[in-house]
Amino acid sequence: MARIRDFEEGEVSAEQSRVRDAIAAGPRGVVVGPLRVWLHSPELAERAQSLGAFCRYSTSLPQRLSELAILVTGAHWRAGFEWHTHAPLAIAAGVPAEAVEEMRRGGQPVFADPELRAIHDFSRELVTAQRVSDATYARAREMFGDKALVDLVGILGYYTLIAMT
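Residues numbered from 1 in each chain as written. Predicted model: local features only at pLDDT ≥ 70, side-chain atom pairs only at ≥ 80, totals over all residues. Heavy atoms only, no water.

**Some words on the overall build of the chain**
Then, number 1: Helix and strand counts for the chain stand at 8 helices and 0 strands.
Then, number 2: When the elements of the chain are put in sequence order from the N terminus, they spell out α-α-α-α-α-α-α-α.
Then, number 3: For 165 residues, the compact-globule estimate of 2.2 N^0.38 gives 15 Å, and the chain sits close to it at 17 Å.
Then, number 4: Each principal axis of the C-alpha atoms in the chain carries an extent, and together these give about 50 × 30 × 30 Å.
Then, number 5: Per-residue burial for the chain yields a buried fraction of 41% across its 165 residues.
Then, number 6: Partitioning the intrachain contacts of the chain with sequence separation of at least 6 by distance along the chain shows that 58% fall at a separation of at least 24.
Then, number 7: Each charge sign in the chain was given a centre, from 18 positive and 21 negative side chains, and these centres are 2 Å apart. (Helix = DSSP H or I, 4+ residues; strand = E, 2+ residues; numbered from the N terminus. Rg over C-alpha atoms; globule rule 2.2 N^0.38 Å. Buried < 20%, exposed > 50% of the residue type's maximum accessible area, 1.4 Å probe, protein only. Contact = heavy atoms within 4.5 Å. Lys, Arg positive; Asp, Glu negative; His and termini not counted. Charge placed at Lys NZ, Arg CZ, Asp CG, Glu CD.)

What follows is the structure, given as structure tokens:
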């Protein structure tokens with residue numbers, strides 16, 4: 001049951017309408033889930049959706065790694081919206097379906113691909129322990145570099161906001 005009431009057509013202010021239309025005109029094409037909730041605070045919606053568009057479509061990480069990080073966040077928060085939206089995208093992008101299912105169940109997936117393993121381990125440590133061990137950090141940094149790690153933390157933070165919403 002939603003705690004914040006959804007808008008009825010014709011109920012939105014001019015500012016809410018402007019932000020809603022801008023989101024719909026972007027790469028998402030729709031305004032659903034948390035983005036609709038954010039319209040109650042149009043300035044937050046505008047700023048957060050801009051960050052979200054970057055985190056989903058424009059980081060230095062390939063889609064399969066971004067989607068894996070999103071799923072780690074969704075699994076941690078038990079966020080149905082993230083899971084429903086991103087599990088199929090992750091599988092289509094190359095994350096093994098059995099790993100996705102193991103994450104959904106709260107287990108520890110096994111990755112043969114070292115890049116997937118590095119992103120998973122970094123992401124899971126950060127969201128569950130609120131820190132990343134030196135060994136995990138060094139492995140991820142060697143594979144991806146500083147820019148990608150900054151992008152990864154941005155993805156994890158943004159999708160935590162989505163999950164909390």
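**A closer look at the pattern of salt bridges**
Then, number 1: Throughout the structure, instances matching the rule amount to 12 salt bridges.
Then, number 2: Across the salt bridge formed by Glu 101 and Arg 105, the nearest N and O atoms sit 3.7 Å from each other.
Then, number 3: Residue Glu 101 is classed as partly exposed on the basis of its relative accessible area, which comes to 30%.
Then, number 4: The salt bridge involving Arg 141 is made with Asp 146; its shortest N-O contact spans 2.6 Å.
Then, number 5: Residue Arg 141 is classed as partly exposed on the basis of its relative accessible area of 43%.
Then, number 6: Here the salt bridges do not stand alone but share partners, grouping Glu 101, Glu 102, Arg 104 and Arg 105 into one network. (Salt bridge = Lys/Arg side-chain N within 4 Å of Asp/Glu carboxyl O.)

**As for unusual backbone geometry**
Then, number 1: Unusually for a residue other than glycine, Arg 78 sits at a positive phi of about 55 degrees.
Then, number 2: Relative to the helices and strands, Arg 78 resides in the loop between helix 4 (63-77) and helix 5 (80-93).
Then, number 3: Despite not being glycine, Gln 130 has its phi angle at roughly 60 degrees, a positive value.

**As for the environment of Gln 108**
Then, number 1: Tracing the backbone through its elements, the reader meets Gln 108 in the loop between helix 6 (97-104) and helix 7 (114-129).
Then, number 2: Not counting chain neighbours up to four residues away, the residues in contact with Gln 108 comprise Glu 102, His 120, Asp 121 and Arg 124.
Then, number 3: Here Arg 124 takes part through its side chain, which lies 2.9 Å from a polar atom of the side chain of Gln 108. (Polar contact = N/O pair within 3.5 Å; in protein donor to acceptor, adjacent residues only side chain to side chain.)

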